[in-house]
Amino acid sequence: MLTLSDVVVFAAQKHGKQRDKGGNTYLLHPLRVMLGMDTEDEMVVAILHDVLEDTDAKEQDLIDLGCTETQVMAVKALTRMAMQSEDEYLTEIMKSTVARKVKIKDIEDNMRIDRLKNRTNLQHK
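Worth saying up front: this structure is predicted, and the values here are computed from it rather than measured.

Topic: the layout of surface pockets
Once rolled over the atoms, a probe with the size of a water molecule shows which space is left empty.
Part 1 of the reasoning: For the second largest pocket, the calculated volume is near 310 Å³.
Part 2 of the reasoning: Considering every element that reaches the lining of the second largest pocket, the biggest residue donor is helix α6 (residues 69–77), with five residues.
Part 3 of the reasoning: Within the lining of the second largest pocket, the residues separate by chemical class into five nonpolar, four polar and five charged.

Remarks on the nonpolar core
Part 1 of the reasoning: Among the nonpolar cores identified, the biggest contains 29 residues, and L48, V51, L62 and V102 are the most heavily contacted of them.
Part 2 of the reasoning: For this core, the secondary structure elements donating two or more residues are α1 (4–15), α2 (28–35), α3 (40–48), α4 (51–54), α6, α7 (86–94) and α8 (97–110).
Part 3 of the reasoning: With five residues, α3 is the single largest residue contributor to this core.

A look at the pattern of salt bridges
Part 1 of the reasoning: Going through the model one piece at a time under the given rule, you end up with ten salt bridges.
Part 2 of the reasoning: Here K101 ties to D38 by a salt bridge, and the two come within 2.4 Å at their closest N and O atoms. Here D38 lies in the loop between α2 and α3 and K101 lies in helix α8, a separation of 63 residues in the sequence.
Part 3 of the reasoning: E86 is the salt-bridge partner of R80, the closest N and O atoms lying 2.7 Å from each other.
Part 4 of the reasoning: Residue classification places R80 among the partly exposed positions, given a relative accessible area of 32%.
Part 5 of the reasoning: Since its relative accessible area comes to 42%, E86 is described here as partly exposed.
Part 6 of the reasoning: Each of R32, D109 and R112 takes part in one network of salt bridges that share partners.

Quick look at α1
Part 1 of the reasoning: Taking 1.5 Å per residue, twelve residues should reach 16 Å; α1 reaches 16 Å between its end C-alpha atoms and fits that length.
Part 2 of the reasoning: Here α1 has its buried residues at L4, V7, F10, A11 and H15. Along the long axis of α1, the arc covered by the buried residues comes to 120°, so they all point the same way. Structural note: α1 exposes S5 and Q13 on the side pointing more than 90 degrees away from its buried face.

Brief notes about the packing of aromatic side chains
Part 1 of the reasoning: Summed over the entire model, instances satisfying the criterion amount to zero aromatic pairs.
Part 2 of the reasoning: Just above the ring of Y89 sits the side chain of R80; from NZ or CZ to the centre is 4.0 Å.

Some points on the environment of M43
Part 1 of the reasoning: With respect to the element layout, M43 can be found in helix α3.
Part 2 of the reasoning: When the C-alpha positions of M43 and V98 are compared, they lie 9.3 Å apart, and in sequence the two are 55 residues distant.
Part 3 of the reasoning: Those residues in contact with M43 that lie beyond four places of it in its chain are L4, M34, M37 and D38.

So, the side chain of H29
Part 1 of the reasoning: Mapped onto the elements of the fold, H29 is located in helix α2.
Part 2 of the reasoning: Residue H29 is classed as buried on the basis of its relative accessible area of 4%.
Part 3 of the reasoning: Within the local environment of H29, its side chain forms a polar contact with the side chain of D109, the two groups lying 2.5 Å apart.
Part 4 of the reasoning: Sequence-distant contacts of H29, defined by excluding residues within four places in its chain, comprise H49, D50, D106, D109 and N110.

Rules used in this analysis
Each chain has its residues counted from 1, running along the sequence as written. The model is predicted, so local features are restricted to residues of pLDDT at least 70 and side-chain atom pairs to those at 80 or more, both for listing and for counting; the totals for chains, interfaces and linings are taken over all residues. Side-chain figures throughout are based on the complete set of non-hydrogen atoms in the structure, without hydrogens or water. In this analysis, the protein atoms alone were mapped onto a 1 Å grid. Cavities are point sets where a 1.4 Å probe fits without being able to get out; pockets are open sets with protein on both sides within 12 Å along at least five of seven lines; lining residues have an atom within 4 Å of a point. Grid points are joined across faces, edges and corners, and a volume is the space filled by probe spheres set on the points. Helix and strand definitions follow DSSP, with helices as H or I runs of at least four residues and strands as E runs of at least two, each counted in order from the N terminus. Residue polarity follows a fixed list, in which Ala, Val, Leu, Ile, Met, Phe, Trp, Tyr, Cys and Pro are nonpolar, Asp, Glu, Lys and Arg are charged, and the others, Gly among them, are polar. The nonpolar core is taken to be a set of buried Ala, Val, Leu, Ile, Met, Phe, Trp, Tyr and Cys residues, with the residues joined through side-chain atoms within 4.5 Å. Categorising residues by exposure relies on relative accessible area from a 1.4 Å probe, with only protein chains included: less than 20% of the type maximum marks a residue as buried, more than 50% marks it as exposed, and the intermediate range marks it as partly exposed. The term salt bridge refers to a pairing of a side-chain nitrogen on Lys or Arg with a carboxyl oxygen on Asp or Glu at a separation within 4 Å. Every helix has an expected span of 1.5 Å times one less than the residues it contains. Each C-beta atom gives one direction from the helix axis, and the arc is the one those directions make. Working definition: a ring pair exists when centres of Phe, Tyr or Trp rings (six-membered ring for Trp) sit within 6.5 Å. Plane angles under 30 degrees give stacked, over 60 give edge-to-face, the rest tilted. Criterion for a charge above a ring: Lys NZ or Arg CZ within 6 Å of the ring centre, and within 35 degrees of the ring normal. Pairs of residues are marked as contacts when any of their non-hydrogen atoms sit within 4.5 Å. Polar contacts, as counted here, are pairs of nitrogen or oxygen atoms within 3.5 Å of one another; within protein the pair requires one atom able to donate a hydrogen and one able to accept it, and residues that are adjacent in sequence qualify only if both atoms are side-chain atoms.

Listed below in structure tokens is the structure:
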């Protein structure tokens, strides 16, 4: 049976030494998104939301890990494909309640300026 610990370990292995735009360990981002969820199902999707897009992980890896079909579909919806338009991407996300909730937390976390180490040289958009 899949545990949240299994998923966190998998994400940690896949994200490895990646850094975010602020120079922080990348894994902190999916962990923060995960902490904004209410159910374990949502937490699984949240911690995995970037593994298909930003690592060498494949859909089969999630299946082998023990993710449910619903979890895999939500993670896939959150994965922006190379030739996918913004509208197509958002349409896929809207098909899953869990994917929508994770995407909102993902955006909120990405907007947190406090995660950037050197904020003095930032320009406002």
